[in-house]
Amino acid sequence: MKRFRYIRFTLAAAGMALLALGGCTSRAAKSGSAAEQDSVLQQTAFATDNIAFCEQKDSMLKCSVVVDYPSGDDSLSVGVRRYVAGELVRMYLPAMQEENGEAPVYKGSMADGKALVDFYGNMNNVYLKAQYAELKVLGIAGLSYDLSIRKTYETDRYLTYETSCYVFLGGAHGSAVCYPVNIVKATGKVLAATIDTLKQKALQPILRRGVKEYISKAENRKIKDSDLQNMLFVEHGIIPLPATVPVLTPKGLRFVYQQYEIGPYALGMVEFTVPYADVKSCLTQEAAELALE
């Protein structure tokens, strides 16, 4: 039986890469009074159209794609369109399972967001139907693919977009991913780095505290530092930086680890937000300029 599984990504490997699930949304840092902030955003609000593809056959098959697609024609809109198209390619079902390696290429106009979303929605739906034809003899209750690529926050300097996807292709449970990113308004590009990777050792106390707080809240019990070694998939007790670049939020830097990245499925997607005061010295120059005054 074919199974969906977590694959580690980086922005470089995915090209333009980089929840709706579990409230996986974030907001970005702002300064000044609330009135000033609102005034700025009214003047600089990034316009998008909500585009959806959804095909559902009874309760057995569901294929859904929802995208906030740029409606402008400026350089920022062009950059975000490229990001969205890259995410649709990355989240193509066969490619996620490492079967075909490459997703089909959309050759229409990038200005036509509906055509783009329908193209990949239909391709994923075809794959889902083929999978069901093979698996229904096993009594599978139903298969589903739910993808969203949404704008969740905006400042005068950057946008926050989040890609989330839940897939169930049979088995004991489905699989989910959540990839939030910051897109720099001045360039239309995804912010490639927020943390100086050479500071990983210095970040260990902060990462361990964040993971402990997440697990303690999830399990409603206090987790001690000594518990982590048995609970996590880490070598020599060192918690790595997440494959997904931490994103800027109003409360600090948000870290998101995918399923299985540092722990078992039952642990879920470990995530926590660290105040800027705690990570200021570890931010890249570009991230600091975007997040802090």
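In this text, all values refer to a predicted model and were calculated from it rather than measured experimentally.

**Quick notes on the overall build of the chain**
- Looking only at helices and strands, the chain features 9 helices and 9 strands.
- In the chain, which comprises 293 residues, the proportion classed as buried is 52%.
- Of the roughly 14,000 Å² of accessible surface on the chain, 52% is carried by carbon and sulfur atoms.

**Focus on unusual backbone geometry**
- Within the chain, H236 stands out as a residue other than glycine whose phi angle is a positive 55°.
- In this fold, H236 is placed in the loop between α7 (228–231) and β7 (247–249).

**A word on the sheet that holds strand β5 (residues 175–184)**
- Judged by pairing direction, the sheet is mixed, and its 6 strands sit side by side in the order β1-β2-β3-β4-β5-β6 without closing on themselves. The open sheet has two edge strands with one neighbour each: β1 (48–57) and β6 (189–190).
- Summarising the sheet, strand β4 (residues 158–168) and β5 pair through 10 bridges and their orientation is antiparallel. Looking across to β5, one finds that L159 is bridged to I183.
- Along the sheet, helix α5 (residues 113–135) contacts β1, β2 (61–70) and β3 (143–154); its crossing angle with β2, the most-contacted strand, is approximately 160°.

**Considering the packing of aromatic side chains**
- Inspection of every chain in the model, using the stated rule, returns 6 aromatic pairs.
- When the centroid spacing of 4.9 Å and the interplanar angle of 85° are considered together, the rings of F119 and Y120 count as edge-to-face.
- A network of ring pairs unites the aromatic residues Y106, F119 and Y120 as a single cluster.
- We note R90 situated over the ring of Y179; from NZ or CZ to the ring centre the distance is 4.0 Å.

**Notes on the sheet that holds strand β9 (residues 271–274)**
- Spatial strand order, β7-β8-β9: 3 strands in an open sheet with antiparallel pairing. This sheet does not close on itself; its edge strands, each paired only once, are β7 and β9. Neighbour-to-neighbour, the strand axes of this sheet turn through a mean angle of 30°, independent of strand direction.
- Bridging between strand β8 (residues 252–256) and β9 involves 4 bridges; their strand directions are antiparallel. What sits directly across from L253, in β9, is V274.
- Lying on the sheet, helix α6 (residues 200–219) is in contact with β8 and β9; it crosses β9 at an angle near 130°.

**Quick look at the side chain of S77**
- Positionally, S77 belongs in helix α3 (residues 75–90).
- The class of S77 is buried, set by a relative accessible area of 1%.
- Among the polar contacts listed, one links the side chain of S77 to the side chain of D74, at a separation of 2.6 Å.
- Other than its neighbours up to four places away in sequence, S77 contacts F46, P70 and G72.

**Examining α3**
- Taking 1.5 Å as the rise per residue, α3 with 16 residues should run 22 Å; its terminal C-alpha atoms sit 23 Å apart, in good agreement.
- Within α3, the full set of buried residues consists of L76, S77, G79, V80, R81, Y83, V84, A85, G86, E87, L88 and R90.

**Here's the deal with the pairing of β3**
- The element β3 is largely enclosed, with a buried count of 9 among its 12 residues.
- As paired elements, β2 and β3 share 7 bridges and run parallel to each other. What sits directly across from C63, in β3, is Y145.
- Hairpin connection between β3 and β4: a loop of 3 residues separates the two successive antiparallel strands.

**Considering the side chain of E261**
- Relative to the elements of secondary structure, E261 occurs in the loop between β8 and β9.
- Here E261 falls in the buried class, since its relative accessible area comes to 5%.
- A distance of 2.6 Å separates the side chain of E261 from the backbone nitrogen of A243, its partner in a polar contact.

**Regarding the environment of D227**
- The topology assignment puts D227 in the loop between α6 and α7.
- Between the alpha carbons of D227 and K212 there is a distance of 8.9 Å; along the sequence they are 15 residues apart.

**Here we look at the nonpolar core**
- If you look at the biggest cluster of nonpolar residues, it comprises 41 residues, and the most contacted ones within it are V84, Y145, Y161 and I183.
- Looking at this core, the elements with two or more residues in it are β1, β2, α3, α4 (93–96), α5, β3, β4 and β5.
- In terms of residue count, α5 provides more of this core than any other element does, 7 residues in total.
- I183 has contacts with L76, V80, Y83, R157, Y158, L159, Y161, G188, K189 and V190, leaving out every residue within four places of it along the chain.
- Of all hydrophobic cores here, the second largest spans 33 residues; its members include V184, L228, I239 and F272.

What counts as what
- Residues numbered from 1 in each chain as written.
- Predicted model: local features only at pLDDT ≥ 70, side-chain atom pairs only at ≥ 80, totals over all residues.
- Heavy atoms only, no water.
- Helix = DSSP H or I, 4+ residues; strand = E, 2+ residues; numbered from the N terminus.
- Buried < 20%, exposed > 50% of the residue type's maximum accessible area, 1.4 Å probe, protein only.
- Areas by Shrake-Rupley, 256 points an atom, 1.4 Å probe, with all protein chains shown as cover.
- Pairing = 2+ DSSP bridges.
- Contact = heavy atoms within 4.5 Å.
- Axes fitted to C-alpha atoms, helices over the stretch in contact; angles between N-to-C directions.
- Phe/Tyr/Trp six-rings, centres within 6.5 Å; stacked < 30°, edge-to-face > 60°.
- Lys NZ or Arg CZ within 6 Å of the ring centre and 35° of its normal.
- Polar contact = N/O pair within 3.5 Å; in protein donor to acceptor, adjacent residues only side chain to side chain.
- Expected span 1.5 Å × (residues − 1).
- Core = buried A, V, L, I, M, F, W, Y, C linked by side-chain atoms within 4.5 Å.

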